[in-house]
Amino acid sequence: MTQGIPLTNSLLQLLKVSQIYTSASKGDPFMPSTHDASGSDNDTSSESRLSLNKSTGNVNQHHPDDYFVSSMDFSEDGTYLITTQSSSTLSDELDHQCLALYSTDSGKCTQEIPSQKYGCDHVKFTHANTTVLFASNNSYDHTVRHLDIQNSRFIRYFKGHQSQVHQIAMNPISNHFSTCAKDHSVRFWDLSDPSCRGKIPNVKGHPCLAYDPKGLVLAIAGALNTVRLYDVRKFTDGPFLNIIVDTEPGDFTNLEFSSDGKYLGISTQHGKAVLVDSFDGKKIAEMDTNSSEQQEPPSSMLPALRPLQLSFTPDSKYVLMGSRFDGLAHAWDLQMMSQGKVNEITMGGVQTGSHSTYRSSSPIHLVKWNPKKVMLATASAGHLALWLPDVGSKVGA
């Protein structure tokens, strides 16, 4: 449970954007913009900020168009959020890449760690809130790095992949982790040893992976709409279950188990997600944030379109996802879906017109629920946002 507050549909609809960041910047994210009425910029610092009017939810935008959060993760104790971010999404030669650490208590960016030479992406906390794993983001180095955040010091390097790593999964009960890359392989590692412990080669398609909550099962998605479940203790024996996912053909972009282990969420390149029973692979529901009334996005938005990732709440009551077009975050009631009813909830009550607070100007591609707090993080091109319940409204009304 998240700090003793039970999650309900009403509470989710009361979530409002509390803080918005448009660059990794230390200090108070609510520091107002210094644009005057004529539009001139009196702020001589290189840090761009956004000010949020808490009472109305109005957002005063002042940010570079090229700020982009590529990955994010909460620490296990919920006290920190870490992101990888860059100053550009339009070029292979990114101007500035860094890891940024945010305190979920103060809402401040407490540390920025440049990663200019090798880039950074797919960051993942280990079991300590002071160390992370992250992948390189370039065409010549494919090392996974183990970083001590407090001392800005690398602990270990994990080398073996022959092309860019595009996911890291930490085993929830041990110091083992797995990686997958564009070289169509999945590799197994231990934090204490830089040598690869094992490998699954020839994983077709765009592999992605996830551990179950007990750390005994690894789900690997590949081509042909197939998710394969492996026993991590004997992965060389091959998968013990192959799940053929009934959805539109294409690459899967993200896998995640619910914390109770009952559900496996699968997001796709088409802006949809599928919920399956993790024990028998039976499809439970499909979640689609693409409206039939929506048109293709304008060409200016196309560079910002990224694969969507989903996230379960810690109590396994809801699954959340962004959207490719409408700039909103969405949630679904898992119990209702298990009964054959797709009950969609839009964050901030936008669907019902109450407490309408925030619509991103670009697609929300990342969502992540804090494992210990009633807090949601979302990312879109130009924005990183933290959501909290509106304390001025009556929860459960």
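Refer to the preceding data block for the structure.
Read on for an overview of the structure. Predicted model only: the values in this text are computed from it and were never measured.

In this structure, Leu12, Trp369 and Trp387 are the most contacted members of the largest nonpolar core, which totals 18 residues. Of all the secondary-structure elements, those providing two or more residues to this core are α1 (9-13), β1 (15-21), β25 (318-321), β28 (364-369) and β30 (383-389). Cys208, Val227, Leu255 and Ile266 belong to the second-largest nonpolar core, a separate cluster that totals 16 residues.

Time to look at the sheet that holds strand β12 (residues 165-170). Read across the open sheet, the four strands follow the order β12-β13-β14-β15; overall the sheet is antiparallel. The two strands at the open ends of the sheet, each matched to only one other strand, are β12 and β15 (193-200). Put simply, the sheet's adjacent strands are angled 25° from each other on average, direction ignored. Here strand β13 (residues 176-181) runs beside strand β14 (residues 186-190); their pairing, made up of five bridges, is antiparallel. When the bridges of β14 are listed, Ser178 appears paired with Phe188.

By the criterion of burial, β14 is predominantly enclosed, with five of the five residues buried. Burial along β14 is two-sided: the residues Val186, Phe188 and Asp190 and Arg187 and Trp189 are all buried. Counting the residues in the hairpin turn of β13 and β14 gives four residues, including His184, whose phi is positive at 65°. Pairing analysis gives four bridges linking β14 to β15, with the strands arranged antiparallel.

Backbone geometry places His184, a non-glycine residue, at a positive phi of 65°. Here His184 is to be found in the loop between β13 and β14. Despite not being glycine, Ser316 has its phi angle at roughly 60°, a positive value. Along the polypeptide, Ser316 turns up in the loop between β24 (310-312) and β25. Take Ser316: its relative accessible area is 7%, and that puts it in the buried class.

As a further point, take the side chain of Asn370. As for its placement among the helices and strands, Asn370 is situated in the loop between β28 and β29 (376-380). Within the structure, the side chain of Asn370 is placed 3.0 Å from the backbone oxygen of Gly78, a separation counted as a polar contact. A distance of 2.8 Å separates a polar side-chain atom of Asn370 from the backbone nitrogen of Lys372.

All right, on to the sheet that holds strand β18 (residues 226-231) then. A sheet is described by the order of its strands in space; here four strands give the open sequence β16-β17-β18-β19, paired in antiparallel fashion. The strands lining the two open edges of the sheet, one partner per strand, are β16 (208-211) and β19 (241-244). Along the sheet, successive strands turn relative to each other by an average axial angle of 20°, direction set aside. In the sheet, β18 pairs with β19 via four bridges, with the strands oriented antiparallel. Bridging from a neighbouring strand, Leu229 pairs with Leu241 of β19.

A separate point is the pattern of salt bridges. One pass over the full model with this rule turns up seven salt bridges. Note that Glu248 and Lys272 form a salt bridge whose closest N and O atoms lie 3.5 Å from each other. Within this pair, whereas Glu248 is found in the loop between β19 and β20 (252-257), its partner Lys272 is found in strand β22 (residues 272-277), the two being separated by 24 residues in sequence. On the basis of relative accessibility, which here comes to 36%, the residue Glu248 falls in the partly exposed class. In this structure Lys272 comes out as buried when scored by relative accessible area, which is 17%. Here Glu286 and Lys283 are joined by a salt bridge, their closest N and O atoms 3.7 Å apart. Lys283 sits in the partly exposed class, given a relative accessible area of 32%.

The subject of this paragraph is the pairing of strand β11 (residues 153-158). Successive residues of a regular strand alternate their side chains across the two faces of the sheet. Taken together, the five bridges between strand β10 (residues 144-148) and β11 define a ladder with antiparallel strand orientation. Bridge pairing links Asp148 to Arg153 in β11. Between β10 and β11, which pair antiparallel in sequence order, lie four residues; one of them, Ser152, sits at a positive phi of approximately 50°.

Take His206: it is sitting in the loop between β15 and β16. In this structure, the C-alpha to C-alpha distance between His206 and Asp251, residues 45 residues apart in sequence, is 5.9 Å. Other than its neighbours up to four places away in sequence, His206 contacts His166, Ala221, Asp251 and Phe252.

Under the criterion given, the structure shown has eight aromatic pairs. Arranged with centres 6.4 Å apart and planes meeting at 50°, the rings of Tyr118 and Tyr140 form a pair that is tilted. Here Tyr118, found in the loop between β7 (109-114) and β8 (121-125), pairs with Tyr140, found in the loop between β9 (131-135) and β10; they are 22 residues apart in sequence, far enough to count as distant. Under the relative-accessibility criterion, Tyr118 is labelled partly exposed at 24%. For Tyr140, a relative accessible area of 53% corresponds to the exposed category. Measuring from ring centre to ring centre gives 5.6 Å for Phe158 and Trp189, while their planes differ by 70°; the resulting arrangement is edge-to-face. Taken together, the residues span a long stretch of sequence, with Phe158 in strand β11 and Trp189 in strand β14 at a distance of 31 residues. Residue classification places Trp189 among the buried residues on the basis of a relative accessible area of 0%. Site record: aromatic cluster; members linked through ring pairs are Phe134, Phe154 and Tyr157.

Cut-offs used in this document
Residues numbered from 1 in each chain as written. Predicted model: local features only at pLDDT ≥ 70, side-chain atom pairs only at ≥ 80, totals over all residues. Heavy atoms only, no water. Core = buried A, V, L, I, M, F, W, Y, C linked by side-chain atoms within 4.5 Å. Buried < 20%, exposed > 50% of the residue type's maximum accessible area, 1.4 Å probe, protein only. Helix = DSSP H or I, 4+ residues; strand = E, 2+ residues; numbered from the N terminus. Pairing = 2+ DSSP bridges. Axes fitted to C-alpha atoms, helices over the stretch in contact; angles between N-to-C directions. Polar contact = N/O pair within 3.5 Å; in protein donor to acceptor, adjacent residues only side chain to side chain. Salt bridge = Lys/Arg side-chain N within 4 Å of Asp/Glu carboxyl O. Contact = heavy atoms within 4.5 Å. Phe/Tyr/Trp six-rings, centres within 6.5 Å; stacked < 30°, edge-to-face > 60°.

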